Each structure stands twice: as C-alpha cells, then as structure tokens.
Amino acid sequence: MSDIQFIRNLIIETPSVPGNFAKVAAAIGELKGDIGDIQTIKVGTLSTIRDISIQCQSEEHLHTIVQAVNAIGNGIHVHAVTDDVLQAHEGGKIQMKSRFEIRSLGDLRRAYTPGVANVCKVIQEDPEQAKYFTGISNTVAIVTDGTAILGLGNIGPVAGMPVMEGKSVLFDQFAGISGIPILLNTSDPDEVVATVKHIHQSFGGILLEDIGSPHCFEIEERLKAELDIPVMHDDQHGTAVVTLASVLNACKQTDVELSQSVVGQIGLGAAGLAISRMLMAYGVKEMCGVDRNPDAIERMKKHGGTILNSIEELMETCDIVIATTGVEGLIKPEMVREGQIILALSNPNAEIKPEVALKAGAAYAADGRQVNNVLGFPGIFRGALNAQAKEITYPMLIGAALAIVDSTKPGDLVPHPLDPNVHANVAIAVERIANEGK
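Quantities reported herein were computed from a predicted structural model and do not represent experimental measurements.

Caption draft 1: The arrangement of the sheet that holds strand β1 (residues 6-15) in detail. Reading across from one edge, β2-β3-β1-β4 is the order of the four strands in this open sheet, with antiparallel pairing throughout. Where the open sheet ends on each side, the last strands, each with one partner, are β2 (34-43) and β4 (77-82). In this sheet, adjacent strand axes meet at a mean angle of 25 degrees when their direction is disregarded. Both β2 and strand β3 (residues 47-56) contribute to a ladder of seven bridges, which runs antiparallel. Each bridged residue has a counterpart across the sheet, and for Val-43 the counterpart in β3 is Thr-48. The sheet contacts of helix α2 (residues 59-70) involve β1, β3 and β4, and relative to β1 the element is tilted by about 5 degrees.

Now the structure itself:
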C-alpha cells in the first residue's frame, strides 16, 4: 500500500462564467490527474483564481496537464506551478518543546537544579516512578533503516526522515504521543536489535517503520522477545489492522461472513504476510497465498497458511482476494469470479482498478487509496501506553480493527483518517483488552 505521490499546485485563472471550472476539472481528469484540495484565491468581476492541488505520475505528466488546461482557451490560463509539499517540509515538521514554562528563578529551581535532584533520587529508589515523573511513558521511538521507504524502496534513513517526521506529527495530533525519529545506518539484525536495546529505556514503546523484508521479521521478533515495552512494525501490523477493518466492512456491505470465507493473499512480503496472519488470528475458513519468493512461501507455511500454485488458482479458489504486490494490472478481468470481494491495495496503481473488477463481476472492489495506516498506529500505541502494556498482542490488534469498523459510516470502506473519534475509539479498545490480559 505504497503512498508514493507526485503532487504540485496549479494557480489557474478562469473567466467568471459558469461551467469554466468544470472544463478545467474535465481536462485534468481526462489525463488521469487526481485533483486534491481547491482553494479560491481571488474572486473578481471578470475572473476567478484558484489554487488547485494535483497528484501526478511524473514531471512529464504534470507538463501534459498544464498544456491541456492552457489549450482549453476562452481565457483559461495556468499562471504558475508551485510545490507546496516541499514548502511544508522546510525546516522539518517537528521540534521538541518544553511543557514547563520558566519565568522565574523559582521555576528554574523546580525544573532544573537544585530541585530536580530530589526527583532523580525518587526514581533511583523506585525506577517505576519514571513513568510518572518523566516523559518516558508517553514517548515512542520511530526506528528505521531506510530500506523500504514508502514506494521508493531502499533510499536510506536520512532520505526517509520526512516520513519519520510525518509519523511524529500524526502521533502528536491523533494520540498526544511524542514520537522521536531514530535513523539507523545499519540493516544488520544483530546491530539493529543491539542499538534499540541500548536506547530503549528512553521510550515507552518502539515503532519499527519502513524496514525492508526479510530482515524486518527477525528484528521485530527479537525485539518483542527481548524488551518489556510494546514493539510493533507498522508496515506489518498497522497495515494488517486497517486491512482487517476494510475486509470486515466490505463483508458487511455484501452480506458475507468472513469466518466462513476462503481468503486469498497475493504477495507475501511484510504487509502480505502480516495481513494473512491477522486474518488467521481473527478466524477465517482458510487463508491462501501466492508469491514468487520461496522464503516468503515458507514463512506463510510456518504460520499455517495454504500455498497455491498461481494467481489464477487463487482467484478461482477464494471468496475474498487481497493484493499487495505493487504490480499494476496483475489481476486480469477474466480472472475475477462472480461475487468476489477484491481489495487491490497497491497505491497509486492497483493490481486491478475497482471499476474494472466490478464490471467483471466482483460484488465489492476497492484500491489502496483509502486504506491508510494512520487509522491504526496512533490509537494502538495510545491504548498500549495507557495500559502500561509490555507488548502488543493479536487480541489488541483485532480490537483495534473492530474499533475502526465501529467508527465507519455506512457505505464507507474505512473512516476518514482525520476523524478524531476513530483514534480515541481504537485507543479505548486496545487499552481495555490490554488490561483484561493482565
């Protein structure tokens, strides 16, 4: 479910005549440009100027769209192309700020020396007090080696820093958690595990982010076994939580019982395997998978999944099909079986477009544009930290998925990611299940 996008803003002037903006939108849409935010900058007597966000595939694609808009004529004109994304990242997106204002010597003595020494002694005598007198219990390390950054691949940890900062912003806004990016210049599992173990006392939890397969599996398993704080690889379990919620909502809309369904997973990388394991933990009739990588197949077998010989066999066998391969057009219309649920989650180019799958006979079809991990990880960690959980378990993850389902409006695949109620509901569900498991 890669989120790789090429976004630019077009400043477009149109004469103040009804229907002109529709011409602009049509020209952009015909070239498969995806219109995002639209802001009206100026409304004049003769013309209107708008700032329109456009998602494109490349610079060449953008240039073609600009030419098409200018070619409409009748006074319609692109004044400028701006890059609001780069501007938004200037200086970074996060900073550390004090929660305690120092306005007097008394404040200084309480926050720092000599008063702080007493707090240090309290924690020395009882280390558990650090949960109450420091920010440790509300801080999560966001750890990456930069080997699987969005759809960009192995671009390195520093190039991946904007993503880690983005995670920090989401942690803060949706869960009130301090997320601290940790960039590692190694992908060796021994070194990664040793480094995180050495620094883990500064944090209440560890979010592994954009760490590639297969070393991500070993790193997560070892850290979960060796640390006494919650550890989660978001590309695996965060994705799996939101996918389970999506499958449940699709089943609800088509009157399909997931527990009685045969589910197929195309692509058994980090996300695909985690989705398979999540669905098996939830309880499905049978979980099937296909992948070209022998190691991925062995991992699926190890966790109890059924391996099929081809995509064609999977499409013939399964009631529900999920794809996370990143290969556009991998599922052909003739493979679709009447009444299937198909979630082709690669983004921006799905394995099969929803409209194509529906035309071919699918009962329900969606792509990965709506299935966003932000619906899961902030609330999952908020709930785990609130419960002072030592790990994140499958019951907690399934509870998070069910909370997302309960927060979804009728007819939608998942809730809007900016709905604060979703994150609150996920946190409450995870905290409750964590406390029940103590």
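Caption draft 2: Representation of the packing of helix α10 (residues 234-254) against helix α11 (residues 270-282). Two elements in contact, α10 and α11, have axes whose closest approach is 8 Å; the angle formed by their N-to-C orientations is 55 degrees. Overall, the two elements α10 and α11 adopt an arrangement that is oblique. Note that α10 runs across α11; the crossing there is right-handed. Along its contact with α10, which presents Asp-235, Gln-236, His-237, Thr-239, Ala-240, Val-241, Thr-243, Leu-244 and Leu-248, the element α11 presents Ala-270, Ala-271, Ala-274, Ile-275, Met-278, Leu-279 and Tyr-282. For the contact of α10 with α11, the class distribution of residues is eleven nonpolar, four polar and one charged.

Caption draft 3: Geometry of the packing of aromatic side chains. Scanning all chains against the criterion turns up two aromatic pairs. Residues Phe-171 and Phe-377 carry aromatic rings whose centres are separated by 5.0 Å and whose planes lie at 85 degrees to one another, so their mutual orientation is edge-to-face. Residue Phe-171 is found in helix α7 (residues 161-175), and its partner Phe-377 is found in helix α15 (residues 377-386); the two are separated by 206 residues along the sequence. Aromatic pair Phe-171 and Phe-381: ring centres 5.8 Å apart, planes at 90 degrees, arrangement edge-to-face. Here Phe-171 is found in helix α7, whereas its partner Phe-381 is found in helix α15, with 210 residues between them in sequence. Accessibility assignment for this pair places Phe-171 and Phe-381 in one class, buried.

Reading the values: the criteria
- Residues numbered from 1 in each chain as written.
- Predicted model: local features only at pLDDT ≥ 70, side-chain atom pairs only at ≥ 80, totals over all residues.
- Heavy atoms only, no water.
- Pairing = 2+ DSSP bridges.
- Helix = DSSP H or I, 4+ residues; strand = E, 2+ residues; numbered from the N terminus.
- Axes fitted to C-alpha atoms, helices over the stretch in contact; angles between N-to-C directions.
- Contact = heavy atoms within 4.5 Å.
- Parallel < 35°, antiparallel > 145°, perpendicular 65-115°, else oblique.
- Left-handed = near helix turned anticlockwise from the far one by under 90°.
- Nonpolar A, V, L, I, M, F, W, Y, C, P; charged D, E, K, R; others polar.
- Phe/Tyr/Trp six-rings, centres within 6.5 Å; stacked < 30°, edge-to-face > 60°.
- Buried < 20%, exposed > 50% of the residue type's maximum accessible area, 1.4 Å probe, protein only.

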